[in-house]
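Now for the letters of each chain:
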Amino acid sequence: MIPELGHLALIVALTLAMTLGVLAIAGAQRGNVRWMAVARPAARGQFAFVAIAFLCLTYTFVSNDFSVHYVVSNSNSRLPLAYRIAAVWGGHEGSLLLWTLCLSAWMLAVTFFSRHLPEAMVARVLGVMGLVSVGFLVFMLFASNPFGRVLPAAPEGSDLNPLLQDPGMVAHPPLLYMGYVGFSVAYAFAIAALLGGRLDATWARWSRPWTTIAWMFLTLGIAVGSGWAYYELGWGGWWFWDPVENASLMPWLVGTALIHSLAVTEKRGGFRAWTVLLAICTFALSLLGTFLVRSGVLSSVHAFATDPRRGTFILVFLSVVIGASLVLYALRAPRVGAGAGFHPISRESMLLANNVLLLVAAGTVLLGTLYPLFLDALGLGKISVGPPYFETVLVPLVTPVLFLIGLGPIARWKKAALPELATRLRWAAAVAAITAMLSTLALGRWRPAVAFGLIMAAWIAASSIVALIGNARGAGRMAVRLAAIPRGYWGMVLAHLGLAVFVAGVTLVRGYESSKDVKMRRGDSVTLADNVFTMQALGAADGPNYTATRATITVTRAGAPVATLEPEKRVYHASGMAMTEAAIDWGLMRDLYVSMAEPLDHDTWIVRVQHKPFISWIWLGCVAMAAGGLLAATDRRYRLAVRRGPVLHPAAAPAAV
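Residues numbered from 1 in each chain as written. Predicted model: local features only at pLDDT ≥ 70, side-chain atom pairs only at ≥ 80, totals over all residues. Heavy atoms only, no water.

Student: Give a description of the sheet that holds strand 9 (residues 590–601) that names residues and reports values.
Tutor: Across a sheet, strands are paired by hydrogen bonds formed along the backbone, either parallel or antiparallel in direction. Taken together, the four strands give an open sheet; going across it, the order is 1-10-9-8, and neighbouring strands pair in antiparallel fashion. At either margin of the open sheet sits one strand with a lone partner, and together these are strand 1 (514–520) and strand 8 (583–585). Neighbour-to-neighbour, the strand axes of this sheet turn through a mean angle of 20°, independent of strand direction. In the packing of helix 9 (residues 201–232) onto the sheet, contacts are made with strand 8, strand 9 and strand 10 (604–613), and the angle to strand 9 comes to roughly 45°. Contacts between helix 18 (residues 487–512) and the sheet are confined to strand 1 and strand 10, with strand 10 contributing the most and set at about 135° to the helix. (Pairing = 2+ DSSP bridges. Helix = DSSP H or I, 4+ residues; strand = E, 2+ residues; numbered from the N terminus. Axes fitted to C-alpha atoms, helices over the stretch in contact; angles between N-to-C directions. Contact = heavy atoms within 4.5 Å.)

Put into structure tokens, the structure is as follows:
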């Protein structure tokens, strides 16, 4: 009964989405108030019925309903409750239902947080999102039904992929999908602006907080996925340039460019057509990521739900959505004015340069991800594009981006003077150089690549502080002046500081990490980075749905105890799959990482020990960037956009870029 209720809820949600997509847009275009009034109730109803369907599917997993084919394929009765819930999105059908739930949740948010916007704009935005959701609902009902029955019911299920039986994978897909799908709001605002013929500063202000929140979710999703790969896969790496990792990185890069382009459109009325194009491209890359992960064309530890036939539908849907958007853009964009002009030395020019570099970086990632697929499809052989390509190509692109991040907030709108920039940034440059040099000397080994990376990190941090102090100048107490700075500006500073921490973490862990693969049995020791790892015990351990071989390894430094680590090699009952469970002593300045590779005999194992300096800074930086995005999105001016009207601020006003 519950599965049938879920299926019926999806049918009702599809009906509401179709009604919303047709009536809301048609009403906005014709000025029909009654049709436009359908938008908010229909969007809320769609969310309610998609949520009912999701809860029904969750119930089938929690209750071990093995009459549902999807439950049989992804769960069993011995699976812990938390992972039974996570198994809801552990396969293809459930992951698409989660995507649709996230899309409906964003639509619900638009209905509640857009009361200050014109009804015609809201109707167009919700109508566009309704049409997008129609595609996914049709896909689920006719090609990927999560409520399909197995008759008679199976006595037991198979298993959730052991890789996904981890707390990180409980949070990672929802966060990632909220980011992916969140860019549909920016896309919908862009299409609505094209349909309404209003591409101005006001439109950019309406769109900007939604884009920033989506970017925040995607940042957190990528960070959680990176952390999961670090401790779960047993390799000790945090980014592998895996194709599915790249699929999330590409919309993040273009989304970052979109946020900064929206700043120019809001503040100066420039980049209007370019901003719309970036919004379309960002959502296109989000859909492309869905295609890559769900189609079966990629082989990846992250591509946990694949089906080539269903991938064809997603590819067709991607082509229709993006093709129609680009046609509309080609018809309407030429009518949009060029916007306010600017000098080659100005904040606008630096933001434009950063936009172009970020877009080129996304293009190089796209090329490295898809090129092997094209060769394979054409029968020209199989190749693998790995870290050497990406690192060689991206470092020259990212370096000027990092440099311009320091310059942009200092430069004036419309026209800036080089002597003024040099004067304001001389202290930031000096602090960056001195900090980097002293840091590398303090670490005991001079390495040019490490020094360069630390210079860039310190440059971003120092220039951000200089910009903040510069905007706080004036009469009165410093604390009062700082409090008067808008949240948007504080969010920008925090995000840039987070990027500086991230760059420093990447630089230091790449420059000074070390590892050893050794044979170990009880009583054996190995020394790494002045830490002595000693295997004290080796024995069996039982989990709720697995058995494991567990080692007990103590770590000492100069004779003093540091940590006791217990890595495991697990074998899951249902699937028989062997998994490595690393043991990590986490720290702000370093991680000690131990994993068990393969047994040589019953009491001797190959063990990998690793020393990872400053690796936690990578995720701390990501969290700070996401927090900066959240702070910027809550700026008061977004709630007052309509009452205040479009404002083109002069160069003197501080701006959250």
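Student: Got a sec to walk through a nonpolar patch on the surface? Specific residues and values, please.
Tutor: Judged by side-chain polarity, Val501, Leu588, Met589 and Leu620 come together as a nonpolar surface patch covering roughly 350 Å² of accessible area. In this structure, Leu620 sits in helix 19 (residues 616–633). By relative accessible area, which is 44% here, Leu620 ends up partly exposed. (Patch = residues over 30% accessible without salt bridge, like charges linked within 9 Å, V, L, I, M, F, W, Y side chains within 5 Å. Areas by Shrake-Rupley, 256 points an atom, 1.4 Å probe, with all protein chains shown as cover. Salt bridge = Lys/Arg side-chain N within 4 Å of Asp/Glu carboxyl O. Buried < 20%, exposed > 50% of the residue type's maximum accessible area, 1.4 Å probe, protein only.)

Student: Requested: an account of the side chain of Thr219, with residues and values cited.
Tutor: Its place among the elements puts Thr219 in helix 9. Look at Thr219 and you get buried, because its relative accessible area is 4%. Setting aside anything within four residues of it in sequence, one finds Thr219 in contact with Trp252, Cys622, Met625 and Ala626.

Student: Go over the packing of aromatic side chains with me, naming the residues and quoting the values.
Tutor: By the definition in use, this model includes 22 aromatic pairs. Their ring planes at 70° and their centres at 5.7 Å tell us that Trp99 and Tyr177 sit as a pair that is edge-to-face. Here the residue Trp99 occupies a position in helix 6 (residues 92–112), and Tyr177 occupies one in helix 8 (residues 167–196), the gap between them amounting to 78 residues. Take Trp99: its relative accessible area is 1%, and that puts it in the buried class. Residue classification places Tyr177 among the buried residues on the basis of a relative accessible area of 7%. Taken together, a centroid distance of 6.1 Å and an interplanar angle of 90° make the contact between Trp106 and Phe217 edge-to-face. Residue Trp106 is located in helix 6, and its partner Phe217 is located in helix 9; the two are separated by 111 residues in the primary sequence. One exposure class covers both Trp106 and Phe217, and it is buried. Chaining the aromatic ring pairs together yields one cluster made of Trp99, Phe136, Tyr177, Tyr180 and Phe317. Taking the ring centre of Phe112 as reference, the NZ or CZ of Arg44 above it sits at 4.4 Å. Over the face of the ring belonging to Trp413 we find Arg347, whose NZ or CZ atom lies 4.8 Å from the ring centre. (Phe/Tyr/Trp six-rings, centres within 6.5 Å; stacked < 30°, edge-to-face > 60°. Lys NZ or Arg CZ within 6 Å of the ring centre and 35° of its normal.)

Student: Describe empty space enclosed by the protein, and please don't skip the residues or the numbers.
Tutor: Evaluated as defined, the whole model comprises three cavities of 30 Å³ or more. In this structure, the second largest cavity spans a volume of roughly 60 Å³. Every element with two or more residues in the lining of the second largest cavity is listed here: helix 13 (347–377) and helix 14 (387–407). With three residues, the top contributor of residues to the lining of the second largest cavity is helix 13. When the residues that make up the lining of the second largest cavity are grouped by side-chain class, the tally is six nonpolar, four polar and no charged. (1 Å grid on protein atoms, 1.4 Å probe; cavity = no way out; pocket = protein on both sides within 12 Å on 5 of 7 lines; lining within 4 Å. Points joined across faces, edges and corners; volume = space filled by probe spheres on them. Nonpolar A, V, L, I, M, F, W, Y, C, P; charged D, E, K, R; others polar.)

Student: I'd like a rundown of helix 15 (residues 418–442), residues and numbers included.
Tutor: When the terminal C-alpha atoms of helix 15 are compared, their 35 Å separation across 25 residues agrees well with the 36 Å that a helix rising 1.5 Å per residue should span. Of all the bends found along helix 15, the most pronounced is centred on Leu425 and spans about 45°. Along helix 15, the residues classified as buried are Leu421, Leu425, Ala428, Ala432, Ala436 and Thr440. Immediately downstream of helix 15, the backbone of Gly444 shows phi near 95°, a positive value. (Expected span 1.5 Å × (residues − 1). Bend = angle between axes of the 7 residues up to and from the residue.)

Student: Outline the pairing of strand 4 (residues 546–557), listing residues and values.
Tutor: As defined by bridge partners, strand 3 (residues 531–542) adjoins strand 4 across 10 bridges and the pair is classed as antiparallel. Looking at strand 4, one finds that Met535 is bridged to Ile553. Connecting the antiparallel pair strand 3 and strand 4 is a turn made up of three residues. Direction of pairing for strand 4 relative to strand 6 (residues 568–572): antiparallel, over a ladder of five bridges. The residue of strand 6 that forms the bridge with Tyr546 is Tyr572. A loop of two residues connects strand 4 with strand 5 (residues 560–565), the two strands running antiparallel in sequence, and Ala558 in this loop sits at a positive phi of about 55°.

Student: Give me the pairing of strand 10: which residues, what numbers.
Tutor: Among the 10 residues of strand 10, eight are classified as buried, and the element is accordingly described as predominantly covered. Direction of pairing for strand 1 relative to strand 10: antiparallel, over a ladder of seven bridges. Bridge pairing links Ser515 to Gln610 in strand 10. Bridge count for strand 9 against strand 10 is nine bridges, and the pairing is antiparallel. Note on strand 10: the bridge partner recorded for Arg590 is Pro613.

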